[in-house]
Amino acid sequence: MRIIVFGAHPDDCEFYAGGTAVKWTAAGHMVKFVSVTNGDAGHQDMGGGELARVRRAETFRADKVLGVETAVLDNHDGELLPTLEVRKQLIREIRMWDADVVITHRPNDYHPDHRNTALAVQDTAYMVIVPNVCPDVPPLKKNPVYLYLMDSFTSPEPFRPDVIVPIDDVWERKVAALHEMPSQFYEWLPWTEGILHQVPRTETERRRWLDKILRAWIGNPFPQETEKRYGAGKGRVAEAFQVCEYGRRPDAEELKKIFPFV
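From a predicted model like this one, the values you see are computed outputs, not experimental measurements.

Enquirer: Residue-level account of the environment of P156, with values.
Expert: Here P156 is to be found in the loop between β5 (145–149) and β6 (163–166). Here P156 falls in the exposed class, since its relative accessible area comes to 71%.

Below, the structure is given as structure tokens:
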């Protein structure tokens, strides 16, 4: 399977799907992470081209740890709109990757870039098979399966965990990847959370701190459902995905092919 994940910012794909990506590549699937913006606004001290270069370099280092392909599109952070031009960018990315599976945020989300990434990606469904749309890139032969990354929002409806992936066995690899994004996880996000003063100075202490804070921030939002599906003691940390009805509708057998490890 060829899987492409679109996050609004450098770190979104890694944050929500990094562990599953490690499992996908181990299972022989091909994975590409695409950041739809360049991250040039998300920092308290840096901005513009300088920050975009930093975020891009960090993303490539993190994705090397995860074993996935990487792209960072040059759209401004905090200004993304679901325009026709952005839609065409994403259609071309999906076609060039020859994607079987396309994954992104849900359109109900706290961040406008997340919402607009979701809308732009949703708008590629079906259009990726239309030859007269973006005729410079050959169309796909069939509409991919579209999935949503997990979130905690409930309006207009809560996230539905159609697939839950326990990632306890690859958690250290995910932490190691996010550790390669210091401007995000040791600077910007702690600053927005008011805990910048808690961030340790040494590499070893930072890794321990990051492990702890990530378990608090994401952990497993669906412990009861995970225990029901897999039994007690599994999935202390997990990632989850919801099927989007706009793409090809996968049956249980196809979901098993996409997620052979669950």
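Here the narrative resumes, following the displayed structure.
Enquirer: So what about the environment of G39? Which residues, and what values?
Expert: Here G39 is to be found in the loop between β2 (30–35) and α2 (48–66). Taking the C-alpha atoms as reference, G39 lies 6.1 Å from P10; in sequence the two are 29 residues apart. Discounting residues that sit within four places of it in the chain, G39 has contacts with P10, L51, R55 and D77.

Enquirer: Just give me the short version of the sheet that holds strand β3 (residues 69–72), but keep the residues and values in it.
Expert: With mixed pairing, the seven strands of this open sheet are ordered in space as β3-β2-β1-β4-β5-β7-β6. Of all strands in the sheet, those with a lone pairing partner are β3 and β6, marking the two edges. Strand after strand, the sheet turns through a mean of 25° between neighbouring axes, direction not considered. One ladder, built from three bridges, connects strand β1 (residues 2–7) with strand β4 (residues 101–104); its direction is parallel. Considered in β4, the bridge of V5 is made with I103.

Enquirer: Outline the packing of α2 against helix α5 (residues 171–179), listing residues and values.
Expert: At a minimum axis separation of 8 Å, α2 and α5 run at an interaxial angle of 165°. By the angle between their directions, the pair α2 and α5 is classed as roughly antiparallel. Note that α2 runs across α5; the crossing there is right-handed. The residues of α5 that touch α2, namely those facing A62, V65 and L66, are R173, K174, A176 and A177. Taken together, the residues of the contact of α2 with α5 sort by class into five nonpolar, no polar and two charged.

Enquirer: For the pairing of β2, give the residues involved together with the corresponding values.
Expert: Here β2 lies mainly inside the structure; five of its six residues are buried. Read from β1 through helix α1 (residues 12–26) to β2, the crossover connection turns out right-handed. With α2 bridging β2 and the parallel β3, this β-α-β connection has right-handed handedness.

Enquirer: Quick rundown of the packing of aromatic side chains? Include the residues and the values.
Expert: For the structure shown, the criterion picks out ten aromatic pairs. Where Y186 meets W209, the ring centres are 6.2 Å apart and the plane angle is 45°; that geometry is what we call tilted. Residue Y186 is found in helix α6 (residues 182–193), and its partner W209 is found in helix α7 (residues 203–217); the two are separated by 23 residues along the sequence. With relative accessibility at 2%, the residue Y186 sits in the buried group. A relative accessible area of 12% places W209 in the buried class. Note on F259 and F261: the rings are 6.3 Å apart at their centroids and 90° apart in plane angle, and the pair reads as edge-to-face. Over the ring of W97 we find R2; its NZ or CZ atom is 4.2 Å from the centre of that ring.

The rules behind the values
Residues numbered from 1 in each chain as written. Predicted model: local features only at pLDDT ≥ 70, side-chain atom pairs only at ≥ 80, totals over all residues. Heavy atoms only, no water. Helix = DSSP H or I, 4+ residues; strand = E, 2+ residues; numbered from the N terminus. Buried < 20%, exposed > 50% of the residue type's maximum accessible area, 1.4 Å probe, protein only. Contact = heavy atoms within 4.5 Å. Pairing = 2+ DSSP bridges. Axes fitted to C-alpha atoms, helices over the stretch in contact; angles between N-to-C directions. Parallel < 35°, antiparallel > 145°, perpendicular 65-115°, else oblique. Left-handed = near helix turned anticlockwise from the far one by under 90°. Nonpolar A, V, L, I, M, F, W, Y, C, P; charged D, E, K, R; others polar. Right-handed = clockwise from strand over helix to strand, strands pointing away. Phe/Tyr/Trp six-rings, centres within 6.5 Å; stacked < 30°, edge-to-face > 60°. Lys NZ or Arg CZ within 6 Å of the ring centre and 35° of its normal.

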